[in-house]
Amino acid sequence: MTIEYVGNEPQVKQAGTDCLKDYLTRRAVKTVLFYLREFHDGATERWLHGFEKFTEKEKEFFDWQGYIERMFEAESVEGVEVFAHPRGYYRREFKFTIEPSGVARKILASREHLAEEWKQDLNLMDMENLEITRMHYELLMNPGADLEPLKERILDVDPMDDESSPLRVLNYRSIRTLATHYAAHRILQRMKEKSNHHFMWLSEYLQTHPIGPDSEAFLYNLLREEAVVRTNPDTYISPKKVAQMIMNCRTTVGREWIEDLELVKSDNLMIQRRVLQRRAGDLFDGLRSETEQT
């Protein structure tokens, strides 16, 4: 999800369940690309990078179901991979065949694996909020202190753990930031209905202090902002309270997304069933056409 501005009005391009499932699929594709690179399957890796210009248009990826279905229906690709020494000492050629339907199944399997991880990781949002608050008070008591040695790692993943996906830490930071974006937008909409001063202040703050890739830095900075007083009518705006509202809201968002992630397996089955039905229909039409010709 991204928040864009038309004049002073914030506009969210996409949010909620669709946003989460699209993003889950993007990260699943990135995970499959990681494995292809690790296993030196350069041909399939290049094909997946280029399929519907995924790498080039990754940030515009908003149609996960159509993407997977089109991959299932894409034709096989055959080619020759050449390995040669720059001075000509050797040259080897290897034929390869890429089955897009097989790649699509790997992405669906990755979606299910990531969904299980994210259901666990989104439950850590409360602990993340407590850690941010603790660091804020640590800085109040010790101005200028170096907080890095004092921070506790909330998600502690063993890199040698075979059960975790290879990009789990990066995925966790990304999903945490996505939840913060969505929470900030939700709070903004509530403010629009209740207090125009609060709405305008947060809208301006998000324009001048975008959340960016590091949601925790955004929240740290918001907690340290000075209070603001607006007139007509007189309104006291506490950035600390706004930060707390966003943190509480992202916990709620995380719980909602955990429920949405429960549906990933059934979504995958639905996609595969639809592809099979379409293929069966095409086969039936072909047989009927042949029968009519004879």
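Think of each chain on its own: its residues are numbered from 1, step by step along the sequence as written. Only residues with pLDDT of at least 70 are given local features in this predicted model, and only at 80 or more are side-chain atom pairs given and counted; all residues enter the totals for whole chains, interfaces and linings. Only hydrogens and water are set aside; all other atoms, that is, all heavy atoms of the structure, feed into the side-chain values.

Section: the nonpolar core
Inference 1: If you look at the biggest cluster of nonpolar residues, it comprises 72 residues, and the most contacted ones within it are L48, Y67, M71, I107, I175, I246 and W257.
Inference 2: Runs of E in the DSSP output that reach at least two residues are strands. Runs of H or I that reach at least four are helices, and both are numbered from the N terminus. By residue number, the principal contributor to this core is helix α6 (residues 168–194), which donates ten residues.
Inference 3: With sequence-adjacent residues up to four places away left out, I246 is seen in contact with T180, A183, A184, I187, F218, L219 and L222. Definition of nonpolar core: a set of buried residues of the types Ala, Val, Leu, Ile, Met, Phe, Trp, Tyr and Cys, connected through side-chain atoms within 4.5 Å. Using a 1.4 Å probe on the protein chains alone, a residue whose accessible area is under 20% of its type maximum counts as buried, one over 50% counts as exposed, and one in between counts as partly exposed. In this description, contact between two residues means that some pair of their heavy atoms is separated by no more than 4.5 Å.

Overview of a nonpolar patch on the surface
Inference 1: By definition, no residue in a patch forms a salt bridge, and every one has over 30% relative accessible area; like charges are joined within 9 Å, nonpolar side chains (Val, Leu, Ile, Met, Phe, Trp, Tyr) within 5 Å. Note on areas: these come from Shrake-Rupley sampling with a 1.4 Å probe, and a residue is covered only by the protein chains present in the view. By convention in these notes, a salt bridge is any Lys or Arg side-chain nitrogen within 4 Å of a carboxyl oxygen on Asp or Glu. The grouping of F83, Y89, Y90 and F94 at the surface amounts to a nonpolar patch, some 480 Å² of accessible area in total.
Inference 2: Among the secondary structure elements, F94 is positioned in strand β4 (residues 91–98).
Inference 3: The class for F94 is partly exposed, based on a relative accessible area of 45%.

What to know about helix α5 (residues 125–141)
Inference 1: Counted at 1.5 Å a residue, the expected span for α5 with its 17 residues is 24 Å, and the 25 Å between its end C-alpha atoms agrees.
Inference 2: Where α5 is concerned, the buried positions are M125, E128, N129, E131, I132, M135, H136, E138 and L139.
Inference 3: On its buried face, α5 sits against α4 (100–121), α6, α8 (215–223) and α9 (239–261). Here, expected helix span is obtained from the residue count minus one, scaled by 1.5 Å.

A look at the packing of aromatic side chains
Inference 1: The criterion for an aromatic pair is that two Phe, Tyr or Trp rings (for Trp, the six-membered ring) have centres within 6.5 Å, with stacked assigned to planes under 30 degrees apart, edge-to-face to planes over 60 apart and tilted to the rest. For the structure on display, the rule yields eleven aromatic pairs.
Inference 2: Three or more aromatic residues joined by ring pairs make a cluster, and in this case those are W47, F51, F54, F61 and Y67.
Inference 3: A ring is scored as having a charge over it whenever the NZ atom of a lysine or the CZ atom of an arginine sits within 6 Å of its centre and within 35 degrees of its normal. Here the basic side chain of R186 rests over the ring of Y182, its NZ or CZ set 5.0 Å away from the ring centre.

So, the pattern of salt bridges
Inference 1: Under the definition given, this model contains 23 salt bridges.
Inference 2: Salt-bridge contacts for E45 lead to R37; the nearest nitrogen and oxygen are separated by 3.4 Å.
Inference 3: By sharing partners, the salt bridges in this structure join E69, E73, R274 and R278 into a single network.

Things to note about unusual backbone geometry
Inference 1: At the junction of N232 and P233, the peptide bond is cis and its omega measures out at -5 degrees in the coordinates.
Inference 2: Of note, P233 is situated in the loop between β5 (228–230) and β6 (235–237).
Inference 3: Even without glycine at this site, E52 takes up a positive phi of about 50 degrees.
Inference 4: Relative to the assigned elements, E52 resides in the loop between α2 (42–50) and α3 (64–73).

Let's talk about the environment of V275
Inference 1: Examined against the element boundaries, V275 turns out to sit in helix α10 (residues 264–293).
Inference 2: As a C-alpha pair, V275 and E69 span 206 residues in sequence and 6.6 Å in three-dimensional space.
Inference 3: Leave out the neighbours within four places in its chain, and V275 touches E69 and F72.

Section: the packing of α2 against α4
Inference 1: Where helices are involved, their axes are fitted lines through C-alpha atoms of the stretch in contact, as for all axes, and angles between N-to-C directions lie from 0 to 180°. The contact between α2 and α4 brings their axes to 12 Å, and the two run at 75 degrees. What the angle tells us is that α2 and α4 run roughly perpendicular. In this structure, α2 contributes T44, W47 and L48 to the contact, and α4 contributes P100, V103 and I107.
Inference 2: Each residue belonging to the contact of α2 with α4 can be placed in one class, and the counts come to five nonpolar, one polar and no charged. Any angle between 65 and 115 degrees counts as roughly perpendicular, while under 35 counts as roughly parallel, over 145 as roughly antiparallel, and the rest as oblique. Polarity classes work like this: nonpolar for Ala, Val, Leu, Ile, Met, Phe, Trp, Tyr, Cys and Pro, charged for Asp, Glu, Lys and Arg, and polar for all others, with Gly in that last group.

Regarding the side chain of N171
Inference 1: Mapped onto the secondary structure, N171 falls in helix α6.
Inference 2: Judged by relative accessible area, N171 falls into the buried class, the value being 0%.
Inference 3: As used in this structure description, the phrase polar contact means that two N or O atoms lie within 3.5 Å; if the pair is within protein, one of them must be able to donate a hydrogen and the other to accept it, and residues adjacent in sequence are counted only when both atoms belong to side chains. At 2.5 Å, the side chain of N171 forms a polar contact with the side chain of R27.
Inference 4: Non-local contacts of N171, meaning those with residues more than four positions away in its chain, are made with R27, T31, L114, W118 and S165.

Re the pairing of β4
Inference 1: Bridge count between strand β3 (residues 77–84) and β4: eight bridges; the pairing is antiparallel. Bridge pairing in β4 links F83 to R92.
Inference 2: A loop of six residues connects β3 with β4, the two strands running antiparallel in sequence, and G88 in this loop sits at a positive phi of about 80 degrees. Two strands are counted as paired when DSSP detects at least two bridges linking them.

Looking at the environment of R134
Inference 1: In this fold, R134 is placed in helix α5.
Inference 2: You can call R134 partly exposed: its relative accessible area is 30%.
Inference 3: For the pair R134 and L150, spaced 16 residues apart in sequence, the C-alpha separation works out to 9.9 Å.
Inference 4: Polar contacts involving the side chain of R134 include one to the main-chain carbonyl oxygen of L150, which spans 2.8 Å.

Notes on the confidence of the model for the chain
Inference 1: Each residue carries a pLDDT score, the predictor's confidence in it, ranging from 0 to 100. For the chain, per-residue confidence averages 88 on the pLDDT scale, and 89% of positions sit at 70 or higher.
Inference 2: Low confidence marks residues 1–15, where pLDDT is under 50. Its contacts with residues over four positions away, or in another chain, come to 40 contacts.

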